[in-house]
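# Overview (structure and organization)
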Amino acid sequence: PADELDRRIRTARQTLGSRVTILGHAYQRDEIVQYADFVGDSFQLAQQSQQHPEAEFVVFCGVHFMAETADLLTTDDQPVILPNLAAGCSMADMADIDAVQACWEQLEAVYGTEPDADGRVPVIPVTYMNSAANLKGFCGEHGGIVCTSSNAREVLEWAFERGQRVLFFPDQHLGRNTAKAMGVDVADMPLWDPRKPRGGNSEESLRDARVVLWRGWCSVHQRFTVDQIAQARAKNPDVRVIVHPECPMEVVDAADEAGSTRYIQLAIDAAQPGEAFAVGTEINMVRRLADTRPDLTIECLDPVVCPCSTMYRIHPAYLAWVLESLVEGRVVNQVSVDPVVAGHARTAVERMLAVGA
Ligand code: 13P
Ligand code: SF4
C-alpha cells in the first residue's frame, strides 16, 4: 500500500541522511518527485550529479541514459543507482553503435576525411543526451559532442564552427527543428534510415547536406498534432501553445513557442495570472506545472493521457527497495559505464557542459 511504501522510503531516507542524494527528472510521477533532493531536466541533472561529492550514493529517478551520464560525472567511488533497470528510453534504443559506425563509414565514403580550407572536418557527430553511453563515446572519439533539448542550438553552433556538416542522432525532430530555427534549409537535412544503404539517400542528396538526421523519434512527443493545436485554439483563442522540440516539425511550426523541459518550466514561472497554456510535453510534468500555478489554466495538448511509460517504471516500491538495500549495506541496480567507452563519453558530455544551456 502507498502509505506503507511512503513510511518505508522516509525511514530509509532518514537513516541514510546525507549519505544519499536523490535526483529526479521532471517527467517522474509526483509519488517519486516528492522524495527528490533536486528535480530538473536532463541538463540540470547532469550538472547536479557533479555537485554532490559528499554523498556516498546517487539514486537517479529517471531513465537509463541519464543514470549513465550521471555515472560519467560522479566521482569513481560514488555509485549511481537506477531504482528500476528496465527504465529505458525507446528513442535512445533507436540508435546503436553498430548502426552508427556503419553510417559513419558510408558518410566518410561520400565526404572523405580531409578538412576544408578553414580547417573544418567533413562531419561532426552530435548525439542527443537520449542515447547509450557508447554513442556518447563515439562522439567524443570523433570530435563530436552531446546536446540536450535545452542547448541543442548552442551545440549545433559549436559543431558548425568545427565541421562542414553534422550527423545528428537519434532524434530527427530535435535536430530538424533546431537546425531549421538556425536557418538551415530543411531540404539540406536528409533523413538517415539505418536499415538502408546510404540511409536511403542518393549520393547527390548527401553531398549538399548540412545536417544528416537519424530516423529516431520519441513515442510520447510524436503523439502531438497540428489538429490538437487547432482544437486548443478553438476552445480558447488566447491560449499560448508551447511544445517540446521533440515534437514533429509541423507541430513546432504551428505552436506559439517551442522549447525544452526547462524552457517550458521557465515560461510557466514567468506567466501572468490568468494566462492559459496548452503544453505539448509529458503529462506528469504538465500536471505538476498546473498544480504549482493554480492561477493559470494549464492543459496538456493531448487530451488522452500520455505519460512516458519508461519514466513511469520508477515506482515507489523500487525506490523503497534500493534505499532499504543501502541501509543494509548492499548496492543494488548500480549503473556503471564500461571503462572502455567512459573516457570518450565523458569528453563528449564535458564539451556539452562547457557549452552550457
Ligand atoms: P530534457 O532534456 O528536456 O530533460 O528531456 C529529456 C527527455 O527525455 C525528453 O523526452
Ligand atoms: Fe525517451 Fe520520450 Fe520518454 Fe523522453 S519522453 S525518456 S525521449 S521515450
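The structure presented is a predicted model; accordingly, all values stated were derived computationally and were not measured.

The rules behind the values
Residues numbered from 1 in each chain as written. Chains lettered and ligands numbered in written order. Predicted model: local features only at pLDDT ≥ 70, side-chain atom pairs only at ≥ 80, totals over all residues. Buried ≥ 20, exposed ≤ 12 C-beta atoms within 10 Å, placed from the backbone. Helix = DSSP H or I, 4+ residues; strand = E, 2+ residues; numbered from the N terminus. Pairing = 2+ DSSP bridges. Near = placed C-beta within 6 Å. Nonpolar A, V, L, I, M, F, W, Y, C, P; charged D, E, K, R; others polar. UniProt positions renumbered as here; feature names shortened; annotations may be inferred. Contact = placed C-beta atoms within 7 Å. Domains from an automatic or database assignment.

### Considering the pairing of strand 7 (residues 163-169)
Across the 7 residues that make up strand 7, a large majority, 6, are buried. Relative to strand 9 (residues 211-214), strand 7 is paired through 3 bridges, and the arrangement is parallel. Residue V166 lies in a different strand from strand 9, and its bridge partner there is V211.

### What to know about the site of ligand 2
Contacts to ligand 2 come from V63, C89, S90, M91, N130, C218, S219, V220, E282, C308, T310 and M311. Of the residues that constitute the shell around ligand 2, the class distribution is 7 nonpolar, 4 polar and 1 charged.

### A few points about the sheet that holds strand 12 (residues 276-280)
Here we have 4 strands laid out as an open sheet, ordered 11-10-12-13, and parallel in their pairing. A strand with exactly one partner marks an edge of an open sheet, and here the two such strands are strand 11 (257-258) and strand 13 (297-300). The pairing of strand 10 (residues 240-243) with strand 12 spans 4 bridges and is parallel. Counterpart to I242 in the pairing with strand 12 is V279.

### Thoughts on the UniProt feature "binding site: iminosuccinate" (unreviewed entry) in the chain
The positions UniProt marks with the feature "binding site: iminosuccinate" (unreviewed entry) are H25, S42, Y128, M129, N130, S149, H244, P245, E246 and T261. Given 27 C-beta atoms within a 10 Å radius, H25 is considered buried. Ignoring anything within four residues of it in the chain, the contact list for H25 reads S42, L45, C61, G62, M66 and M311. Relative to the assigned elements, P245 resides in the loop between strand 10 and helix 11 (249-254). Assessed through the 27 C-beta atoms surrounding it within 10 Å, P245 is described here as buried. With sequence-adjacent residues up to four places away left out, P245 is seen in contact with S149, A152, H173, L174, N177, T178, V252, A258 and S260.

### Brief notes about the site of ligand 1
Lining the immediate surroundings of ligand 1 are D41, S42, M129, N130, T148, S149, C218, E246, S260 and T261. Partitioned by chemical class, the residues of the shell around ligand 1 number 2 nonpolar, 6 polar and 2 charged. There are two domains that each give the shell around ligand 1 at least three residues, and those are domain 2 (93-218) and domain 3 (221-300).

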